[in-house]
Structure formats: C-alpha cells, structure tokens
Protein chains: 2
Amino acid sequence: MIETGFPTGGPTLGELGEREVIALIRAQAPSPLNGDDAAVLTQAAPNSRVVASTDMLVQDRHFTAQTTTPYLLGRKAALQNFADIEAMGARPIAALMAVSAHPDTPAKVLEELAHGVGEMASDYACELVGGDVTGGDYLVVSVTAMGALGGNRPPLTLDGARPGHRVIAHGRIGYSAAGLALLQAGVDIPPQLEPLVAAHQVPELTPGRGVVARAAGACSMTDNSDGLIRDITQLAAASGVGIDLASNALAPDQLLVQAGTLLGVDPWEWVLGGGEDHTLIGTIEGSAPVGFRSIGAVTKKQGVRIDGSSPATDTGWESF
Amino acid sequence: MIETGFPTGGPTLGELGEREVIALIRAQAPSPLNGDDAAVLTQAAPNSRVVASTDMLVQDRHFTAQTTTPYLLGRKAALQNFADIEAMGARPIAALMAVSAHPDTPAKVLEELAHGVGEMASDYACELVGGDVTGGDYLVVSVTAMGALGGNRPPLTLDGARPGHRVIAHGRIGYSAAGLALLQAGVDIPPQLEPLVAAHQVPELTPGRGVVARAAGACSMTDNSDGLIRDITQLAAASGVGIDLASNALAPDQLLVQAGTLLGVDPWEWVLGGGEDHTLIGTIEGSAPVGFRSIGAVTKKQGVRIDGSSPATDTGWESF
C-alpha cells in the first residue's frame, strides 16, 4: 500500500519548544553519543580514514506531502547520504541531522522524520549522533553522513576508471523517476506498480555493497543521484575515459514498461535521466562483485554511449 | 566600519546553474579533498577520535541582510560549529556546507558566503571539504564541522563539572546581543561601539583554546550559544552540580554600559541572556589555562547563582 501525507494533529513545535522537540527526536533515534556540543564518534578501526558527505532536502522541491511521509523522507535522507559514503567504498559510522521547520509544524512530523533517519542508520549499523533544530517557513532537512574507510586501498573516487574496466551497478535504475511520475500523475496506481513508488520514496540498496566492491578491486564509483547519463558522464570525464553502456543491461523492465504505457512516457527517459535511484555505479577490472551486475565497459574513446551511439537523453536533476 | 547588506547584481544561481555555482564556491574555498561523492579526510593523528557537530542558519531568523553580509555570515556559520568542536577539547579538521537559496539569488551571495566559511576554516587550519547546493525560497545555511580529539584524556563533556572546580571562560560575553540590539535599533551607531556589532557578526575566539583547556586538565566545557545562564544551567544540570558565578567577572564593560545607555537597556540582560557569543565556558580543578579567565566556581548545591543569588534573567534563544 502506498503511504503519503504528513501528520496534521497534536502539539506543534512552537507549543513544545526546542528542548522538548529535541527530546522527542532523541527518543526516536537514541544514541549515547548524542547530547553534547559535538558527538565523539566511536573509534573506527586503526588506520581507517573518515569520509564525510552532506545533502539538503527542501520541501516542495525534493519532496511534498503528496509524495511521501516524514518517516519515509527520513529514511531517504539518510540513505542518500549513506550511498555517497558507500560510493567511496566506505562504511557509514554516524549521521547528523539539521532541520528547519515552521513553528506550527506538528511535532509528530519531526518525530517520524527522526524515526526514519534513525532506523535507516540502524540498517547501516550506525547511529544518528547529533543535529540541530530551528524555525523556518517550511521544512528543510540536512543530513550529514560520516563513514570509515579501512585498510590501505585507495577510496573509490570518480577519477579511477580505466579503459578495459567493466562498468558495474548495484540497485535499481529508473524506478525512482517512474515512481515519482506515477505519484504526480494523479492516476489510480495499480498495485503491481507500487514497487516503483516505494523505490522513489526510499530507494533500496543493500548496506555494505560499496565496501564489498572496494575489497573486490573496484577502482571508481559514484551513485546515480542526478540521472544515470549525467552521473556516468561526470565519472567518465573525471577519469578521462569514455563509457559504453549495454542497452540490454539497462532496458526498462516489465514494471517500467507498464508505467510508461499507463502514463504515455518512454520509460527509457526514466532510466537514462531519472536520478534519485542512488544506484551504486562503479568500474572494476575483472568480474562484477557480489550484488553488482555488469552494465557496460570503460573505453579509451571519450564520451558516454549506449551500444556505441549517443544516448537519447542526458537530462537530469538541476538544483536551481 | 560596519558592513551589512547582500549583493544584488550579477548573474543569479538560476542563470549559472548548479555546476557553475559549485565551481564558484570551490574556487572561494579550494580543497583537494572536495569534489567526489564524499570527502576522505586527511588522516588525523593515530588514536585520535572524530568529533562532529552541525548548525543550521535560516534567513530572517538567524540573520538578515540588515545585520550582516554573506561573507561575515559564512565566517560566523563556520565559527559557531568550530566552537562546538573546541568545546569538546578537540581541533577542527574539516567543514561541510549545505546551502539552499532562491534561484534568483545573485551567485555572488554564495561566493562570498563560501569565502567566509573557507577563510574561517583556514583560520582554524582546516578546510571546507564538501557540501550541497539546492533551490529554496530563502537562504538556509547548514555547516557541519568535524574535529580530531587526540590522546587518551576524555572529551570535555557537559557532565564533567565537579564541586570545587573553577568556572573558566574564553571570549566575550554579552557583546553579540548588544551588537544585534544596536543593529536592530536603527540608530546611528557611534564608532566606539562598533566592536559590539563586529562581535555579533563574527564572534572572536582564538583557535585552539579548547585543546589547550583539555591539555591543562579542564573536565567539562560548552559554548555560550543560547545564553550564558541557559547554557551554564545545562552544564550544571548534566553534571549534577551547581554553579556560582562572580558578578565582578561578568560585569558589563564600558562598551556594554554605553550601548545600554544609548538603547535604554540594562546591559546585564545581554550578558546573562544574550547568547551567540560562542564563549568557551568550562570547569577545571586549579587555575585557569592560558586565554581563559575565572568567572565562578562549581558547587555541590544545585542551581546557577550570581554571588549566591538567583540571576535576574535566564532567558535565551528559543528555536521555535
């Protein structure tokens, strides 16, 4: 069943006041590291390096009450930062969340948001260790994730792709954009298409795949946040290489085709330009590690191609 | 000379687009650690622990174009996070900045903001290593700071104050609130009171004082962000102790008295309830470390007092 909507009843942030709101948030995502001026992270493995990333989600730009719930938003806000940590080949170890919201916002909204962030953190075996709450006219959620990069191998940077590498992917491609299109179309969404909506609300990744890929010898990685072609183009450019994608590895599946038919949209647009799937996309010499599939090859010839030709679309998310 | 106001001309964020805006920001605060999915922090000293804190600043709540400039806002946003790191006895090692702004915002605003953050980071011998930019209706700035806590001594937590400790402070108290009051009063500000305004726009702390205090044996610390009495009350409560402040160590100086006379305000209100000075306030057995002064004593008897009596005000910043 598709869940959307924000709670409307109960005491507001303004009625409860800052301290009580913070207490509600901490109760939803308890951590012994939280509660001081700054969180002292549990010591990672010796010689591990710390990795950090941040993302900001703004109401009516990245989400609306018509497309998600605070709980799902919290899960997604955490996940997309964890995907950035994983895309370096690192393991998330902590998250911070800063939130701005109107004083008339029901406290339940921040409670459920924190529950979502805390639960996703827990899925990744880490914790929400601190944050900030403040007033504003609408909801803004900024999550920062920190990770540990153990061992001596280099991180999985954008510039590590080399000709001859296999291009590998973990996670859905195109589902998030299709799910959003279904939610925005105002149509009755057939139950069999609900996985697309669920993938938009919270993309599904298996925790630890970035670490696995690094251990298996992957050399570069990113996540599909702004659009497949756009993000792969960035990786290819940073590495000074080209990438040939295989259409049969990317071809829209049954669900995407059905959604495309329902909405009169070519599902390839979702696959190539959709973004927000947070698919881990990397390159490796040799075979794809567990959980990854092969979607193409790195070439000496610059540019991104599908079966040797320019992709039909290279649109993607634009912040402004 | 007092500087306020936001730039209004030149290309907007929407005109330049996300990538070019990010390039402008990175040019203002260059770091080789920036530019990938996540920043891999330079390895801190062996056995050091990582400390993290985040703060969100919202236009027309925490700042306005009438009280600051983007450059000063950037300096302050970084400093107040670094103060949280220092208040643990740790050394800032990196900052991340997420910004939401209206697409019509002149790009110069984010450029100057990034310049301020980058410059303050540089004052603390660290770097702006990553971030996020996104659209919105008004300016929201979320800075996350990370620090390194070396050695085996415990961090300077809120619960480390013990009866018999001396209460110590580094930095001004009351200046920020006085400076804000001057800016908001719409009066001609006499040149000799400009230091109060400057202290509101960017509080002045000497980098490294938190580390010095920890090395000298301090046991607890916080920073005066919400109001002196409010923050000290929180520290005392977390430690299960009381605190007796000495009025002669807190008494408004010449500048505060002059500003109070000008505006018809009792300057003690700024000292006790003002906040945003980010004064480092801690407790230590023995004498005050270099850069700190003594402002009171920790007692067995619970509560916060001034010369043995309840303070006249315990108001402070409230987020909602």
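In the annotation of an unreviewed UniProt entry, the entry for chain A reads Thiamine-monophosphate kinase, and the organism field reads Corynebacterium afermentans. Taken verbatim from the UniProt record of chain A, the Sequence similarities (unreviewed entry) comment is "Belongs to the thiamine-monophosphate kinase family." UniProt lists a comment for chain A under the heading Pathway (unreviewed entry), and it reads "Cofactor biosynthesis; thiamine diphosphate biosynthesis; thiamine diphosphate from thiamine phosphate: step 1/1."

Visitor: How should the packing of aromatic side chains be read in this particular structure?
Guide: Each aromatic ring pair is summarised here by two numbers: the centre-to-centre distance and the angle between the ring planes. One pass over the structure, following the stated rule, counts five aromatic pairs over all chains. Look at Tyr138(A) and Tyr138(B): their rings are 4.6 Å apart centre to centre, the planes differ by 35°, and that puts the pair in the tilted class. Of this pair, Tyr138(A) sits in the loop between strand S4 (127-135) and strand S5 (140-149) while Tyr138(B) sits in the loop between strand S4 (127-135) and strand S5 (140-149), each in a different chain. Both residues of the pair, Tyr138(A) and Tyr138(B), belong to the buried class. With a centroid separation of 5.0 Å and 45° between ring planes, the pair formed by Phe82(B) and Tyr124(B) is classed as tilted. With Phe82(B) in helix H3 (residues 70-86) and Tyr124(B) in the loop between helix H4 (107-123) and S4, this residue pair connects regions lying 42 residues apart in the sequence. Like Phe82(B), the residue Tyr124(B) is buried in the burial classification.

Visitor: Would you mind going over the sheet that holds S4(B) with me for this structure?
Guide: Backbone-to-backbone hydrogen bonds pair the strands of a sheet. The strands run either parallel or antiparallel. Taken together, the five strands give an open sheet; going across it, the order is S1(A)-S2(B)-S5(B)-S3(B)-S4(B), and neighbouring strands pair in mixed fashion. Here the strands that pair on one side only, and so sit at the sheet edges, are strand S1 (39-40) of chain A together with S4 of chain B. Here S1(A) runs beside strand S2 (residues 49-58) of chain B; their pairing, made up of two bridges, is antiparallel. Each residue of the ladder has a partner; that of Ala39(A), found in S2(B), is Ala52(B). Against the sheet, H4(B) touches strand S3 (91-101), S4 and S5 of chain B, its axis set at about 170° to S3(B).

Visitor: Even after reading the chapter, I still don't get the UniProt feature "binding site: substrate" (unreviewed entry) in chain A, so can you show me in this structure?
Guide: Mapped onto this numbering, the UniProt entry gives "binding site: substrate" (unreviewed entry) at His62(A), Glu276(A) and Trp317(A). A stretch of 256 residues holds the annotated residues, and the largest C-alpha distance among them is 10.3 Å, short enough that they meet in one place. Inspection of the secondary structure assignment puts His62(A) in the loop between strand S2 (49-58) and helix H3 (70-86). Residue contacts for His62(A): discarding those within four places in its chain leaves Met56(A), Leu57(A), Trp317(A) and Thr134(B). Among the secondary structure elements, Glu276(A) is positioned in the loop between helix H11 (267-273) and strand S9 (280-284). You can call Glu276(A) buried: its relative accessible area is 18%. Excluding residues that lie within four positions of it along the chain, Glu276(A) makes contacts with Lys76(A), Ser176(A), His200(A), Pro203(A), Asn224(A), Ser225(A) and Asp226(A). Here Lys76(A) takes part through its side chain, which lies 3.0 Å from a polar atom of the side chain of Glu276(A).

Cut-off values and rules
Residues numbered from 1 in each chain as written. Chains lettered and ligands numbered in written order. Predicted model: local features only at pLDDT ≥ 70, side-chain atom pairs only at ≥ 80, totals over all residues. Heavy atoms only, no water. UniProt positions renumbered as here; feature names shortened; annotations may be inferred. Phe/Tyr/Trp six-rings, centres within 6.5 Å; stacked < 30°, edge-to-face > 60°. Helix = DSSP H or I, 4+ residues; strand = E, 2+ residues; numbered from the N terminus. Buried < 20%, exposed > 50% of the residue type's maximum accessible area, 1.4 Å probe, protein only. Pairing = 2+ DSSP bridges. Contact = heavy atoms within 4.5 Å. Axes fitted to C-alpha atoms, helices over the stretch in contact; angles between N-to-C directions. Polar contact = N/O pair within 3.5 Å; in protein donor to acceptor, adjacent residues only side chain to side chain.

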